[in-house]
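Fold and contact review
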Amino acid sequence: MNVLVVNAGSSSLKYELYDMDAEQSLARGLCERVGDEGANIEQETHDGREYEAEVAMPDHSVAFGQAMAALSGDEAGVIDSLAAIDAVGHRVVHGGEEFASSVVINDAVEDAVDRFGQLAPLHNPPNLMGIRAARKLLPNVPHVAVFDTAFHQTMPPHAFIYGLPWEMYAENGIRRYGFHGTSHRYVALRAEQYLRERGIPDEEHRIVTCHLGNGCSMTAVKAGVSIDNTLGFTPLEGLLMGTRCGDLDPAIVIYLAQTLGMGLGEIDNTLNKESGLKGLSGISNDMRDLQKAANEGNDRARLAMDLFAYRVRKYIGAYAAAMGGVNCVVLTGGIGENDHLQRKWCVQDLEFLGIEVDPAKNTHPLPFDDGITAIGTDASPTHLLVIRTDEELMIARDTVEVLTATA
Ligand code: ADP
């Protein structure tokens, strides 16, 4: 079965085509600056062929058409025609409280994705544009929605309710939803298998998964289910991120408005796009740039790096407490997978939780035997793993699973 995975952002469309009988990616591509001047498409096949073109893409529908033309085109095509695509899996950021797992998309699901656009105005509307464009061009194959929030629907009320008047939850749906669920679920499943192979029974699994990329979040996964996630009502709470502030006293927002006279749009932009590593360092949202600057003596870059690691450490402790212990910590995402210094700092002084990095194993780059490297010392009882995340593969697997279950 060939499954196309689609991830539509506000001005981008990412796609990857899998042969799921072999679990092999055939090609992946990216349309950028959709709806803007200078839009372009890039595609790469599993055997290294490449296609790149500047094409006008006024909307997601045109971008999707370009992607499909590239997949079946001469330069880097991998299929003869669109008839070779058997199903489509769509990344959808917000599924509210309605979706605890992936579902086949029908008009009612489309309406729900539209409705939850109120809760995720930056993400669900473009996700929906991707769904509509794909359903229009591929109307005869099933489409499946895979939600970032779904994995976290197992959180207990004491983890997802805020200390606000009850009606704000009951009537307005203001609660922690948690995000990055597809990545957390993928690495948690791999970590569970790892623990199982070492004789630790499922009911004893207490895993903290740390997704450290541009967006960052952590999940407490107890006996296979998410019981807490650092992202909240929106993907702004918790860890320090590339451009997002993470945890903040909410009174700061009032102060910014009342005392500093900032408008709501300006505050929104500051907290989401001008804060985090970028805002603190004044340099960049990319950890590599901060490392370079810190090495050259830039104190603010160094502070941003310290603050980043401190929050991860703090939440590992918090989630160990939430789960009554921890026997595995997983690091993933661009920073988790590539940055040996942050890996060291993020778990520093956590020997009391049985966590200790082995410097000889925490190399750069990591060997990644089948996507996993253990970097803890042999003596430390808590397994410390770096796992390469693969959200696209998870979406493709879910698509096959949902369709098999409903066949
Ligand atoms: P996204 O959340 O957008 O999917 P990624 O998971 O790809 O992002 O992570 C991107 C981040 O990973 C970059 O901003 C950068 O800070 C970090 N990163 C990537 N490679 C390295 C590296 N070699 N060393 C340090 N940081 C890295």
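In terms of regular secondary structure, the chain is built from 14 helices and 14 strands. Computed over its C-alpha atoms, the radius of gyration of the chain comes to 21 Å, within 12% of the 22 Å expected for a compact globule of 407 residues. C-alpha atoms of the chain, sized along the principal axes, occupy 55 × 55 × 50 Å. When the 407 residues of the chain are sorted by exposure, 52% land in the buried category. As presented, the chain carries roughly 18200 Å² of accessible surface, and 50% of it is formed by carbon and sulfur atoms. Computed over 32 positive and 58 negative side-chain charges, the inter-centroid distance for the chain is 5 Å.

Let us look at the environment of Leu 271. Tracing the backbone through its elements, the reader meets Leu 271 in helix α8 (residues 264–273). Judged by its relative accessible area of 11%, Leu 271 falls in the buried class. Measuring from C-alpha to C-alpha, the distance between Leu 271 and Tyr 319 comes to 25 Å, with 48 residues separating the pair along the chain. Excluding residues that lie within four positions of it along the chain, Leu 271 makes contacts with Leu 236, Thr 243, Arg 244, Cys 245, Leu 248 and Val 253.

Moving on, we get to the site of the ligand. The environment of the ligand is made up of 13 residues, and the closest members are Gly 213, Asn 214, Asp 286, Met 287 and Gly 334. Between the ligand and the protein, one listed contact pairs an oxygen atom with a side-chain N or O atom of Asp 286 at 3.3 Å. The contact in question runs from an oxygen atom of the ligand to an N or O atom on the backbone of Gly 334, over 2.8 Å. For the ligand, whose accessible area on its own is 580 Å², the fraction buried by protein is 70%. Elements that contribute at least two residues to the shell around the ligand include exactly α10 (287–295) and α12 (333–338). Among the elements that make up the shell around the ligand, the one with the highest residue count is α12 (four residues). Each residue belonging to the shell around the ligand can be placed in one class, and the counts come to two nonpolar, eight polar and three charged.

What follows covers empty space enclosed by the protein. One pass over the structure, following the stated rule, counts one cavity of 30 Å³ or more. A volume near 40 Å³ is recorded for the largest cavity. What lines the largest cavity is Ile 161, Tyr 162, Leu 164, Pro 165, Trp 166, Met 168, Tyr 169 and Ile 174. A class-by-class count of the residues in the lining of the largest cavity yields eight nonpolar, no polar and no charged.

Further remarks concern the layout of surface pockets. Counted as a void, the second largest pocket has a volume near 300 Å³. Surrounding the second largest pocket, 19 residues form its lining, Ser 101, Ser 102, Arg 185, Asp 398 and Glu 401 being those nearest its centre. Those elements that place two or more of their residues in the lining of the second largest pocket are α6 (181–197) and α14 (391–406). Grouping the constituent residues of the lining of the second largest pocket by class yields eight nonpolar, seven polar and four charged.

It is worth spelling out the nonpolar core at this point. Core analysis: the biggest nonpolar cluster contains 59 residues, and Val 208, Leu 212, Met 218, Phe 308, Val 312 and Ile 316 have the highest contact counts within it. In terms of residue count, the dominant contributor to this core is helix α11 (residues 299–323) (11 residues). The contacts of Ile 316, once residues within four sequence positions are left out, are Val 208, Met 218, Val 329, Cys 346, Val 347, Leu 350, Leu 353 and Ile 355. One finds Ala 67, Met 68, Leu 71 and Val 88 within the second-largest nonpolar core, a separate group that totals 29 residues.

So, about the packing of aromatic side chains. Geometrically, a pair of aromatic rings is defined through the distance of the ring centres and the angle of the planes. Tallied over the full model, the rule gives five aromatic pairs. An angle of 5 degrees between the planes, with centres 4.5 Å apart, marks the rings of Phe 99 and Phe 147 as stacked. Taken together, the residues span a long stretch of sequence, with Phe 99 in the loop between β6 (87–92) and β7 (103–104) and Phe 147 in strand β8 (residues 143–147) at a distance of 48 residues. Across the pair, Phe 147 and Phe 99 agree in class, each one buried. Where Tyr 177 meets Phe 233, the ring centres are 6.3 Å apart and the plane angle is 35 degrees; that geometry is what we call tilted. With Tyr 177 in the loop between α5 (166–170) and α6 and Phe 233 in the loop between β11 (225–229) and α7 (251–258), this pair connects stretches of sequence that are 56 residues apart. By the ring-pair criterion, three or more aromatic residues cluster together here, those being Phe 160, Trp 166 and Tyr 169. Sitting over the ring of Phe 116, Arg 115 keeps its end group 5.5 Å from the ring centre. When the ring centre of Phe 160 is taken as origin, the NZ or CZ atom of Arg 175, which lies over that ring, is 3.6 Å away.

The rules we used
- Residues numbered from 1 in each chain as written.
- Predicted model: local features only at pLDDT ≥ 70, side-chain atom pairs only at ≥ 80, totals over all residues.
- Heavy atoms only, no water.
- Helix = DSSP H or I, 4+ residues; strand = E, 2+ residues; numbered from the N terminus.
- Rg over C-alpha atoms; globule rule 2.2 N^0.38 Å.
- Buried < 20%, exposed > 50% of the residue type's maximum accessible area, 1.4 Å probe, protein only.
- Areas by Shrake-Rupley, 256 points an atom, 1.4 Å probe, with all protein chains shown as cover.
- Lys, Arg positive; Asp, Glu negative; His and termini not counted.
- Charge placed at Lys NZ, Arg CZ, Asp CG, Glu CD.
- Contact = heavy atoms within 4.5 Å.
- Near = heavy atom within 4 Å.
- Polar contact = N/O pair within 3.5 Å; in protein donor to acceptor, adjacent residues only side chain to side chain.
- Nonpolar A, V, L, I, M, F, W, Y, C, P; charged D, E, K, R; others polar.
- 1 Å grid on protein atoms, 1.4 Å probe; cavity = no way out; pocket = protein on both sides within 12 Å on 5 of 7 lines; lining within 4 Å.
- Points joined across faces, edges and corners; volume = space filled by probe spheres on them.
- Core = buried A, V, L, I, M, F, W, Y, C linked by side-chain atoms within 4.5 Å.
- Phe/Tyr/Trp six-rings, centres within 6.5 Å; stacked < 30°, edge-to-face > 60°.
- Lys NZ or Arg CZ within 6 Å of the ring centre and 35° of its normal.

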